[in-house]
Every structure is written in C-alpha cells, then in structure tokens.
Amino acid sequence: MFKGKVAFMGIFAALAILFGYIESLIPFYFGIPGMKLGLANIMTVLVLYLFGIPEAATISLVRIFTVGLLFGNPYSLIYSLAGGVLSLFTMVIIRQIKAFSIVGISIAGGIMHNIGQLIIAMLIVEEIGLTYYAPFLIIAGALTGTLIGFVTRIVFSRLKPIINKR
Amino acid sequence: MKKGDLMLLLGVVAIALVWILIWNMNRNSGAYAVVTVDGKEIGVYSLMEDITTDIIGYTGGYNRLEIKDGNADVIEASCPDKLCVQQAKISRDGETIVCLPNRIVIKIIGGEKTTLDAVAN
C-alpha cells in the first residue's frame, strides 16, 4: 500500500464508470446482441498491470454495478457481470503466458467479454442457436481488444513510472 | 505489439472466419419459424404463409413478427435497443432473431414441425 493508492483507485473507478457511460451512448452493434466497444476494459487491464488482480477485480465490479444500476437495467447488469467476470478470469490466466503483452491480454479480454455475454443470453432464452453470433462476437472482441490494448499500453507506460516513485 | 499478440489476433480471426464459412455452407432452406419466449415455445409459423403478428414477451413487451416471401423478420418492437428490428430477415435452417429484453427468440427450422400444433397466440 503506497501513499495515495486509494486516490488512484478512486480516479480509476470513476474513469471506468465514465467509459461505461460513454459506451452506452455510442451505438455499436450492427444488429448483433452483445457487441460492445469495451472502452471500460481499458481501466480493468490498466489496473491489472499497475496494481494486481484484487484491484482489477474491484474496479471491474464497481464499474459493472454502478453503470448497470445508473444507466442500465437488471438484464444488462447480468450480461455485463458475466462478460466482465469471464473476461477478467481469462486475462489473469493468459497473462501468465510470456508471449503476450498488454495488447494480447486486451484481445483475450475483449473476446471473452463478448462471449460471456453471449453465454448468459443463451442460458436466459434457452436457445443454443445463438451460437450463430459467436464468430462475429469473437472478431469484434478481437479487433476492439486490439485497439483498447494499444491505448492501454500507452497509458500504462506513462503511469507506471509515476506509481513506482511512490 | 508482440509477436504472440499478433498470432493470437490472426489465429482467432481466422478461426472465426472459417466458422462463419462452414456455417453458411451447411445452411438449408428453412420451413418453419419457431417462436420461443423465455425458453418456452409459444408458436410455430410456416414460412409459406405470409402473416404479421405481435409476439408478447417476458416483460409484456412486444415484437412484431412478419413472415413474407419465405422470410421471417422483426419489423417493430417495444424493446429499448431495437437490436431485433436491426437484425436481418432470416429464412435458413438454424438462423435466429433474438430480442433479449423481451426474451424472444425466433428460429428457423426445416422439415418436421415440433410437437406444438400450428399457430398459437
């Protein structure tokens, strides 16, 4: 615990919520349920690399519940939760593989976020046919994950020295 | 971007594209549109008969199903995001249109009908 960590977490959480809100403003679906820009993932990945797993999980859950309750509905919250949990879980595991950088982790996270949402949708409407959407969600998740990854990498490289000095 | 990242991205996109290709190759013409609400089948409509009907969903919301020229499409809906309306019309075996808020799934099947007789609602 360094001086000011709580302050950083507070700002990161606020940013994650803001990103979640912005996402809800930008229509990004092309008719496929579960497709998202994944902006809020920037904060999850960032905190994962800057601080660690418990902190990343905290930011993620705070964001999911706040955005879900403020701007969404009970359904969107469940989808978001499923996507977020699966995404973080996958990212933590993938991170162990040295061949991947922040960008790779972000790609994996983006894909699994969409897939998590698809799985919950399939469970709720009890329709296995929804797997039709899977490849589209995978591609979308991979591409947005790449973009998000680039942004996160830049932000991380700027913040890491600042955090280290404390 | 490390080489591993690029491999992951390309690999995943390639698999997904192949998945889509294979899926599209195996699609036969459909014969019926099966409508389920919250997992329960509530109606079966033949694609041969043009019909427009409202399907009442889980929370009381509705989706307007139109069967025309062998296609099934959602042309209007009460849900907030209208993703279902955006989804293209379907006609081939296995294709679906989903409205998650209303928990409605319209799925095309070919050949045999299900155990439900004809049209409900």
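Residues numbered from 1 in each chain as written. Chains lettered and ligands numbered in written order. Predicted model: local features only at pLDDT ≥ 70, side-chain atom pairs only at ≥ 80, totals over all residues.

Comments concerning the overall build of chain A
Inference 1: Within chain A, the secondary structure is distributed over six helices and zero strands.
Inference 2: Here the C-alpha radius of gyration of chain A, 15 Å, is about what a compact globule of 166 residues would show, namely 15 Å.
Inference 3: C-alpha extents for chain A along the principal axes are approximately 50 × 35 × 25 Å.
Inference 4: Counting the 166 residues in chain A, one finds 47% classified as buried.
Inference 5: Considering only contacts within chain A whose residues lie at least 6 apart along the sequence, 69% involve residues at least 24 apart. (Helix = DSSP H or I, 4+ residues; strand = E, 2+ residues; numbered from the N terminus. Rg over C-alpha atoms; globule rule 2.2 N^0.38 Å. Buried ≥ 20, exposed ≤ 12 C-beta atoms within 10 Å, placed from the backbone. Contact = placed C-beta atoms within 7 Å.)

A few points about the sheet that holds strand β4 (residues 62-68) of chain B
Residue and element names in this part refer to chain B.
Inference 1: If you trace the three strands from one edge of the open sheet to the other, you get β3-β4-β5, paired in antiparallel fashion. Looking at the sheet topology across the chains shown, the edges are occupied by β3 (51-56) and β5 (71-77). Averaged over neighbouring strand pairs, the angle between their axes works out to 25 degrees when direction is ignored.
Inference 2: Here six bridges tie β4 to β5, and the two strands are oriented antiparallel to one another. Pairing of E66 across the sheet is with D73, part of β5. (Pairing = 2+ DSSP bridges. Axes fitted to C-alpha atoms, helices over the stretch in contact; angles between N-to-C directions.)

Structural notes on the nonpolar core
Inference 1: Counting 73 residues, the largest nonpolar core has M43 of chain A together with A33 and I106 of chain B as its most contacted members.
Inference 2: Take this core: its biggest share by element is twelve residues, from helix α5 (residues 102-125) of chain A.
Inference 3: Two domains share this core, each providing at least three of its residues, namely domain 1 (1-28) and domain 2 (31-121) of chain B. (Core = buried A, V, L, I, M, F, W, Y, C linked by C-beta atoms within 7 Å. Domains from an automatic or database assignment.)

Side note on unusual backbone geometry
Residue and element names in this part refer to chain B.
Inference 1: With phi around 55 degrees, D69 is a residue other than glycine that occupies positive phi space.
Inference 2: Within the secondary structure, D69 is located in the loop between β4 and β5.
Inference 3: For D69, a count of 10 C-beta atoms within 10 Å translates into the label exposed.

Digging into the interface of chain A and chain B
Inference 1: Taken together, the contacts link 25 residues of chain A with 28 residues of chain B.
Inference 2: Secondary-structure elements contributing two or more residues to the side of chain A that touches chain B are α5 and α6 (134-164) of chain A.
Inference 3: Sorting elements by how many residues they give to the side of chain A that touches chain B places α5 of chain A first, with eight residues.
Inference 4: Looking at the side of chain A that touches chain B residue by residue, the class counts come to 18 nonpolar, five polar and two charged. (Nonpolar A, V, L, I, M, F, W, Y, C, P; charged D, E, K, R; others polar.)

Focus on the domain arrangement of chain B
Inference 1: Per the domain assignment, the segments making up chain B are domain 1 (1-28) and domain 2 (31-121).
Inference 2: Once you take the C-alpha centre of each, domain 1 of chain B and domain 2 of chain B turn out to be 29 Å apart.

Description of the environment of A7 of chain A
Residues and elements named next belong to chain A.
Inference 1: Mapping A7 onto the fold places it in helix α1 (residues 5-25).
Inference 2: Since 9 C-beta atoms lie within 10 Å of it, A7 is described here as exposed.
Inference 3: Note: C-alpha distance between A7 and A121 (114 residues apart in sequence) is 36 Å.

Topic: helix α4 (residues 74-94) of chain A
Inference 1: Its 21 residues place the ends of α4 of chain A 30 Å apart at the C-alpha level, agreeing with the 30 Å of an ideal helix rising 1.5 Å per residue.
Inference 2: Every buried residue of α4 of chain A is listed here: S76, Y79, S80, A82, G83, G84, L86, S87, L88 and M91 of chain A. (Expected span 1.5 Å × (residues − 1).)

Topic: the packing of helix α3 (residues 53-71) of chain A against α4 of chain A
Residues and elements named next belong to chain A.
Inference 1: At their nearest, the axes of α3 and α4 sit 9 Å apart, and the two run at 165 degrees to each other. By the criterion of interaxial angle, the relationship of α3 to α4 is roughly antiparallel. Between α3 and α4 the crossing geometry is right-handed. Contacts between α3 and α4 involve I53, A56, A57, S60, I64, G68 and L69 from the first element and S76, L77, S80, L81, G84, L88 and V92 from the second.
Inference 2: Broken down by class, the residue content of the contact of α3 with α4 amounts to nine nonpolar, five polar and no charged. (Parallel < 35°, antiparallel > 145°, perpendicular 65-115°, else oblique. Left-handed = near helix turned anticlockwise from the far one by under 90°.)

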